[in-house]
Amino acid sequence: MLAIAGVSGSLGRAALLVGLVGAVFGMFASVMGTRQNDEKVLRLVPRFATLCVVATVSAFACMEYAMITRDFSLAYVQKVGSKSTPALYNFTAVWSALEGSILMWMLILAVCTVIIAWKYKSKLTDPLVAWAMATMFFVCTFFFILTLGPANPFGKGAAGVLDGPGPNPLLQNHILVLFHPPILYVGYVGMTIPFAFAIGALITGRLGEGWLLETRRWALFSWGFLTFGIILGGWWSYEVLGWSGVWAWDPVENASFIPWLTGTAYIHSVLVQERRGMLRVWNLSLLIATFSLTILGTFLTRSGVLNSVHAFSNSDIGPYLLTFFGVIVIVSVALIGWRGEKLRSPGTIDSPISREGAFLANNVLFGVFAFVVLLGTVFPLIVEALQNRQLIVGELFFDQLATPIGITLLVLMCIAPVLPWRKASGELLRHRLFWPAWAGIAALILSLAVGAVGLAPLLTFSLGGFATGAALRQLVLATRRQGLRGLVGRANGGMVVHIGVIIIAVALAASNSYTRSQELTLSAGETAQYGGHSFEFVRFVEEKDDRRTSVKAEILVDGDGIYAPAIQKFTNMGQNIGTPSVKSMFSKDIYLTLQPPVKVSSNQAKIKVFIKPLMMWLWIGGGLMGVGTLLAAFPGSRRKPTDPVSAPIAQETSA
Amino acid sequence: MKSTLNQKLKSWPVWMLMGILAVALLAVGASRQSGPLTQEDRIDNITQRLACPTCDGESVYVSQAPASQNIRNEVARQVASGQRTDDEVVAFIGSSFGGQVLLVPRATGLDALIWVLPVAVLVCCAAGLALTFRRWKREQGGQASDADRALVAQLLELDTHNTDTL
């Protein structure tokens, strides 16, 4: 057994070495091949990519094998493995700490590389593609070095260890651990692909408009996964952490959100480039910023400079990531300085009141938003460096700034979808925005009727109605003209995404502003009323297995369903983990937590009840965003590039 | 007939009316009282402004650590006694547990930067965008040459049904 055990560690390490060699050779083959215009060399590039992916898949398999067979000769297995972890959480334990996460990053990166290499195999003679491939291999090389050096998952552990603590209790508590990290990573790592094409475009000083389309599609693909991953993370937080929220502006959350913001800016402003050929350098900069922010975010959260509940481990990976970040930024800035002029387009944007103008305003807002989140995340570092003083930036800071930014974005979402390219007149806006604006008034009246208060939430609801009206107007016009095909394509799929975003904004505004909570102390059989609902404490249920003990308090809510918030104590960690129980309805969620300390013998439970309006709509909005992204990813109506983009509006302009 | 009705409906006065209606409704909604806060709601509001002293960057509201539980209990006592406002309770906890438990950075000294910088960046970006638009506007002054006109005419002939949004 031990002999095999030792083998999985050395095999994994060997695989990673082979992968490193493949990446380095792939990089040289791409550069040499394109510089000497040697097709024979270029033909090797996809093979090196395959080598990388085979190597990483093997390394990942070795890691899983080691984890599943509980091979405690490896330091990593000693750290996150345990004999008592159930199979599912043992499988996911591989990415429950730094080394394994980097290995998963490597795996996804290698898969991206091989997909690009084979998909564009016949186009490798195009220097732009060859340089993009070289960039992919360069990033691969860096991550292979990480997995062989500071984040080595196959390091030998201390001798004689026969069991470990298992993964952090929070990571063996919910099925989402299987989905949220990999999906988020696909989005995060996928941003490497558009970045590689951006670098390729800068080096060749050439922007084939066909490649622009490909780059946009890959960016959209990564953005979609990133969005999905972030929403799943919110859901996980809600289901597991017991404070009834989805987002805490924690550094790790911010690290995923900042690239999302710049990525969102890109997928909007790239449309100006597609349509007008403008903003090329700006769009490339956004892609580069998005990728470098993923590296910076990883540095901030994984190196231990910032602490976070999510970080789950620290290591000496920091200097590597910071150096890599520095290299990317310096090289990119130099490339933009060198090649920027060549890519710049001669055109101008005629009027700020136009589709282009709206996209630029969008970029300003998303840029400022990204800056705010980044500033709030690194501010403790700045203060500590300058004044040697600890400081924590709270959620309220982010909330206070995100609210006005979010509301301004909603305003933009009301107007932008109806704006024509080039130039709009006041009269045109008055006509096109008329019914959407009334939808906003209707939403305002409706929310007042159901008792909403407060300026910010009311603005959100009314602008939400307005923006939904504007998005629906576009969809109605498109479907009227093209039938169901009108839902497909970047503009119309984008409108579906908008509606999803609006639903999320409304749900967040409602749940953040109107959550009410109460602590109920109940003896067995006792019933209490709160917020129009009844809560009867039935009994405690104790469960015990060899890794944890849990106490559940069974609560009968409104006389028709048992909900059982629990507290679990993980024996290995000595940590108490509360698990909430949620009754979800379309109008509100009832979120129950069991409050410590729990004395089962007393038969008295302290239950905290949160009433959270509209929570379910967060997930519905998220689902709609996913659907919209899929619709936007498909090529739109098969129109010639010279055909008009917007639906005909003959009746309206003549009106 | 329909078009004139449509035109009247969507005219400036109707829009003004809509604007006034929206402002009035918002004013009503913003000024009316929300339902009474329970003690627990107040505790939630206050603990969101306090940092858990032992965990990394979580608020007392979020955290389940014992140290947070202590602060929570103290906040609950203060709220139950009913003598201090939310701000006073936050200040009180800050003075008894040390300034490090206060979450939102103050608006003085170096800390003020965190409030100033976002505004400064927004102003700079907006100003930069405005300047760019001015530059673009100047650049548009260029006259089209005969060759340009010929090209446009030729393209228009190729694509006669091109009725763009404007």
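In every chain, residue numbers begin from 1 and rise along the written sequence. Following the order in which they are written, the chains are lettered starting with A and the ligands numbered starting with 1. pLDDT decides what is reported in this predicted model: residues at 70 or higher carry local features, side-chain atom pairs at 80 or more are listed and counted, and totals for whole chains, interfaces and linings draw on all residues regardless. Note that the side-chain values use all heavy atoms of the structure and ignore hydrogens as well as water.

A. Structural detail: the overall build of chain A. Only DSSP runs of H or I with at least four residues qualify as helices, and only runs of E with at least two residues qualify as strands; both kinds are numbered from the N terminus onward. The secondary structure content of chain A amounts to 21 helices and 10 strands. Both definitions apply: the radius of gyration is a C-alpha atom measure, and the globule rule equals 2.2 Å times residues to the power 0.38. A compact globule built from 655 residues should have a C-alpha radius of gyration of about 26 Å, and chain A, at 27 Å, falls within 12% of that. The cut-offs for exposure are 20% and 50% of the maximum accessible area for each residue type, with area from a 1.4 Å probe on protein chains only; residues under the lower value are buried, those over the upper are exposed, and the others partly exposed. Taking all 655 residues of chain A together, 61% fall into the buried category. Whether two residues are in contact is decided by their heavy atoms: any pair within 4.5 Å suffices. Long-range contacts, defined here as pairs at least 24 residues apart, represent 73% of the contacts in chain A between residues at least 6 apart. Per-residue and other accessible areas follow the Shrake-Rupley method at a 1.4 Å probe size, with only the shown protein chains counted as cover for residues. Surface summary for chain A: the accessible area is close to 24800 Å², and the carbon and sulfur share equals 66%. Positive charges are assigned to Lys and Arg, negative charges to Asp and Glu, while His and the chain termini are left out of the count. Every charge is mapped to an atom, namely NZ of Lys, CZ of Arg, CG of Asp or CD of Glu. Placing the 49 positive and 34 negative side-chain charges of chain A at their respective mean positions leaves the two points 10 Å apart.

B. Structural detail: the overall build of chain B. For chain B, the count of helices and strands is seven helices and zero strands. Shown N-terminal to C-terminal, the secondary structure of chain B runs as helices and strands in the order α-α-α-α-α-α-α. Considering chain B as a whole, with its 166 residues, one finds that 32% of them fall into the buried category. Relative to all contacts within chain B whose residues are 6 or more apart in sequence, the contacts with residues 24 or more apart total 43%. Surface exposure of chain B reaches about 10300 Å², of which carbon and sulfur atoms provide 62%.

C. Seen up close, the pattern of salt bridges. Any carboxyl oxygen of Asp or Glu that lies within 4 Å of a side-chain nitrogen of Lys or Arg is treated as forming a salt bridge with it. Evaluated as defined, the whole model comprises 20 salt bridges over all chains. One salt bridge in this structure joins Asp558 of chain A and Lys583 of chain A, with 3.7 Å as the shortest N-O distance. Of this pair, Asp558 of chain A sits in the loop between β4 (548–557) and β5 (562–563) while Lys583 of chain A sits in strand β8 (residues 581–584); the two residues are 25 residues apart in sequence, bridging distant segments of the chain. Residue classification places Lys583 of chain A among the buried residues on the basis of a relative accessible area of 11%. Across the pair Arg72 of chain B and Glu40 of chain B runs a salt bridge whose closest N-O atoms are separated by 3.0 Å. Here the residue Arg72 of chain B occupies a position in helix α4 (residues 66–81), and Glu40 of chain B occupies one in helix α3 (residues 39–47), the gap between them amounting to 32 residues.

D. How the structure looks around the packing of aromatic side chains. Only Phe, Tyr and Trp rings are paired, with Trp represented by its six-membered ring, and only when their centres lie within 6.5 Å; those with planes under 30 degrees apart are stacked, over 60 edge-to-face, the remainder tilted. With the rule as written, the count across this model stands at 36 aromatic pairs over all chains. Between the aromatic rings of Phe25 of chain A and Phe48 of chain A, the centroid separation amounts to 5.8 Å while the plane-to-plane angle is 35°, which identifies the pairing as tilted. Here Phe48 of chain A lies in helix α3 (residues 45–68) and Phe25 of chain A lies in helix α1 (residues 2–35), a separation of 23 residues in the sequence. Centre to centre, the rings of Phe195 of chain A and Phe291 of chain A are 4.2 Å apart; their planes meet at 20°, and the pair counts as stacked. With Phe195 of chain A in helix α9 (residues 192–204) and Phe291 of chain A in helix α12 (residues 280–302), this residue pair connects regions lying 96 residues apart in the sequence. Taking the relative accessible area as the measure of exposure, Phe195 of chain A reaches 4% and is therefore buried. Either the NZ atom of lysine or the CZ atom of arginine qualifies as a charge over a ring when it sits within 6 Å of the ring centre and within 35 degrees of the ring normal. It is Arg84 of chain B that lies over the ring of Phe92 of chain B; its NZ or CZ is 4.3 Å from the centre.

E. Highlighting the domain arrangement of chain A. All names here are of chain A. An automatic or database domain assignment is the source of the domain bounds shown. Taken domain by domain, chain A comprises domain 1 (1–167), domain 2 (188–405), domain 3 (433–514) and domain 4 (516–613). Distance between the C-alpha centres of domain 2 and domain 4: 40 Å. Each side of the interface is counted separately: domain 2 has six residues, and domain 4 has nine residues. Using a 1.4 Å probe, buried area is obtained as the accessible area two parts lose upon being combined, added over both of them. Here domain 2 and domain 4 share an interface that buries about 610 Å² over both sides, 50% of which is from carbon and sulfur atoms. Each residue gets one label: Ala, Val, Leu, Ile, Met, Phe, Trp, Tyr, Cys and Pro are nonpolar, Asp, Glu, Lys and Arg are charged, and the others, such as Gly, are polar. Taken together, the residues of the side of domain 2 that touches domain 4 sort by class into three nonpolar, two polar and one charged.

F. Molecular detail of the packing of helix α18 (residues 455–482) of chain A against helix α2 (residues 12–31) of chain B. Between N-to-C directions, angles cover 0 to 180 degrees, with each direction set by a line fitted to C-alpha atoms, over the stretch in contact for helices. At a minimum axis separation of 8 Å, α18 of chain A and α2 of chain B run at an interaxial angle of 140°. Classified by the interaxial angle, the pair formed by α18 of chain A and α2 of chain B is oblique. The hand of the α18 of chain A/α2 of chain B crossing is right-handed. Contact residues: α18 of chain A offers Leu455, Leu458 and Leu459 of chain A, while α2 of chain B offers Leu26, Gly29 and Ala30 of chain B. The class makeup of the residues in the contact of α18 of chain A with α2 of chain B is five nonpolar, one polar and no charged. Relative orientations are named as follows: roughly parallel for angles under 35 degrees, roughly antiparallel for angles over 145 degrees, roughly perpendicular for angles from 65 to 115 degrees, and oblique for any other angle. The hand of a helix crossing depends on one turn: near helix anticlockwise from the far one by less than a right angle means left-handed, and clockwise means right-handed.

G. The arrangement of the pairing of strand β6 (residues 566–570) of chain A in detail. Residue and element names in this part refer to chain A. The buried fraction of β6 amounts to four of the five residues, a majority that puts the element mostly inside the structure. We treat two strands as partners when DSSP finds at least two bridges between them. When β4 meets β6, the two strands line up antiparallel, connected through five bridges. The residue of β6 that forms the bridge with Val551 is Ile567. Pairing geometry for β6 and strand β7 (residues 575–579), over five bridges, is antiparallel. Residue pairing across strands places Ile567 opposite Gly578, the latter belonging to β7.

H. Main features of the packing of helix α11 (residues 251–276) of chain A against helix α14 (residues 355–387) of chain A. Residues and elements named next belong to chain A. α14 packs onto α11 with a crossing angle of 165° between their chain directions and a minimal axis gap of 9 Å. Classified by the angle between their axes, α11 and α14 sit roughly antiparallel to one another. In terms of crossing hand, the pair formed by α11 and α14 is left-handed. Here the contact of α11 with α14 is composed, by residue class, of 14 nonpolar, eight polar and two charged.

I. How the structure looks around the environment of Phe466 of chain A. All names here are of chain A. With respect to the helices, strands and loops of the structure, Phe466 is situated in helix α18. The buried category is assigned to Phe466, whose relative accessible area is 15%. Considering only alpha carbons, one finds Phe466 and Leu374, 92 residues apart in sequence, at a separation of 30 Å. If sequence neighbours within four positions are ignored, Phe466 has contacts with Cys414, Leu433, Pro436, Ala437, Ala439 and Gly440.

J. A look at the interface of chain B and chain A. Contact residues are listed per partner, giving 64 residues for chain B and 83 residues for chain A. Between the two partners, chain B and chain A, sit three salt bridges. In this structure, Lys608 of chain A engages Asp44 of chain B in a salt bridge whose closest nitrogen and oxygen atoms are separated by 2.7 Å. As used in this structure description, the phrase polar contact means that two N or O atoms lie within 3.5 Å; if the pair is within protein, one of them must be able to donate a hydrogen and the other to accept it, and residues adjacent in sequence are counted only when both atoms belong to side chains. In this assembly, chain B and chain A are joined by 10 residue pairs in polar contact (both at pLDDT 80 or more). Looking at the side of chain B that touches chain A, the elements that each hand over two or more residues are α1 (2–9), α2, α3, α4 and α6 (113–139) of chain B. With 12 residues, the top contributor of residues to the side of chain B that touches chain A is α6 of chain B. Residues belonging to the side of chain B that touches chain A are distributed by class as follows: 31 nonpolar, 19 polar and 14 charged.

K. Region of interest: the sheet that holds strand β9 (residues 588–594) of chain A. Residue and element names in this part refer to chain A. With antiparallel pairing, four strands are arranged side by side in an open sheet as β1-β10-β9-β8. For this open sheet the edge positions go to β1 (516–523) and β8, each flanked by a neighbour on one side alone. Across the sheet, the axes of successive neighbouring strands diverge by a mean angle of 20°, strand direction being ignored. Where β1 lies against strand β10 (residues 604–613), eight bridges are found, and the strand directions are antiparallel.

L. Geometry of unusual backbone geometry. Residues and elements named next belong to chain A. Cis peptide bonds are those with omega within 30 degrees of zero, and the linkage from Pro596 to Pro597 qualifies with -5°. In this fold, Pro597 is placed in the loop between β9 and β10. For Trp249, which is not glycine, the phi dihedral falls at a positive 55°. Turning to its location among the elements, Trp249 is positioned in the loop between α10 (209–240) and α11. Its relative accessible area of 11% is what places Trp249 among the buried residues.

M. How the structure looks around the state of the cysteines. Cysteine sulfur pairs qualify as disulfides if the two atoms are within 2.5 Å. Counted under the stated rule, the structure contains zero disulfides over all chains. Not engaged in a disulfide, the cysteine Cys52 of chain A finds its nearest cysteine sulfur in Cys140 of chain A; these two sulfurs lie 5.3 Å apart.

N. Molecular detail of the domain arrangement of chain B. Split by domain assignment, chain B resolves into domain 1 (2–31), domain 2 (39–104) and domain 3 (106–137). Computed over C-alpha atoms only, the centres of domain 1 of chain B and domain 2 of chain B are separated by 45 Å.

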